[in-house]
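# Residue-level structural notes
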Amino acid sequence: MKRPAAIRNSEYDVGANVRAARGQALALFDLRRRKSEIDQRVEKARDRLESVDLYGLRAELEAALAEQTDIDAKLVELQGENVLMAG
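On a predicted model such as this, the values are computed, not experimentally measured, just so you know.

## Remarks on the overall build of the protein
Within the protein, the regular secondary structure consists of 3 helices and 0 strands. Element order for the protein, N to C, with α for helix and β for strand: α-α-α. Looking at the protein residue by residue over its 87 residues, the buried ones come to 0%. Total accessible area on the protein is roughly 8400 Å²; 59% of this is exposed by carbon and sulfur atoms.

## Regarding the pattern of salt bridges
Following the criterion strictly, the structure yields 5 salt bridges and no others. Across the pair Asp30 and Arg33 runs a salt bridge whose closest N-O atoms are separated by 2.4 Å. Note that Asp30 and Arg33 are positioned in helix α2 (residues 16-51) at a spacing of 3 residues, about one turn of the helix. With a closest N to O distance of 3.5 Å, Asp70 and Lys74 form a salt bridge. Note that Asp70 and Lys74 are positioned in helix α3 (residues 54-86) at a spacing of 4 residues, about one turn of the helix. Residue classification places Asp70 among the partly exposed residues on the basis of a relative accessible area of 38%. Using a relative accessible area of 47% as the deciding quantity, one classes Lys74 as partly exposed. One salt-bridge network, in which partners are shared between bridges, spans Asp30, Arg33 and Glu37.

## Quick look at a nonpolar patch on the surface
On the surface, Val52, Leu54 and Leu57 cluster together into a nonpolar patch covering about 260 Å² of accessible area. Structurally, Val52 is set in the loop between α2 and α3.

## Section: the confidence of the model for the protein
Chain-level pLDDT for the protein is 85 on average; 82% of the residues reach the 70-or-more range. Per-element confidence in the protein ranges from a low mean pLDDT of 61 for helix α1 (residues 5-11) to a high of 92 for α2.

About the criteria used
Residues numbered from 1 in each chain as written. Predicted model: local features only at pLDDT ≥ 70, side-chain atom pairs only at ≥ 80, totals over all residues. Heavy atoms only, no water. Helix = DSSP H or I, 4+ residues; strand = E, 2+ residues; numbered from the N terminus. Buried < 20%, exposed > 50% of the residue type's maximum accessible area, 1.4 Å probe, protein only. Areas by Shrake-Rupley, 256 points an atom, 1.4 Å probe, with all protein chains shown as cover. Salt bridge = Lys/Arg side-chain N within 4 Å of Asp/Glu carboxyl O. Patch = residues over 30% accessible without salt bridge, like charges linked within 9 Å, V, L, I, M, F, W, Y side chains within 5 Å. pLDDT = per-residue confidence, 0-100.

Here it is in structure tokens:
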């Protein structure tokens, strides 16, 4: 047997303070979930950053640039000699 609609609706009738508490609980749940996700993103980014050796990369870049400059100078020197030989 079905209960009348008025009785069913009154079962869900709660005070404003209960609704506010539910809303606050949902907001807290959502914020805690988002904080957990952000904490994980921060930790992952921190781990990735720490795995990169910036000083080592800088030294490697400086060594490569020095070698590049040396090779460029040798190329200019050899091309100059070729021009003299051809001339």
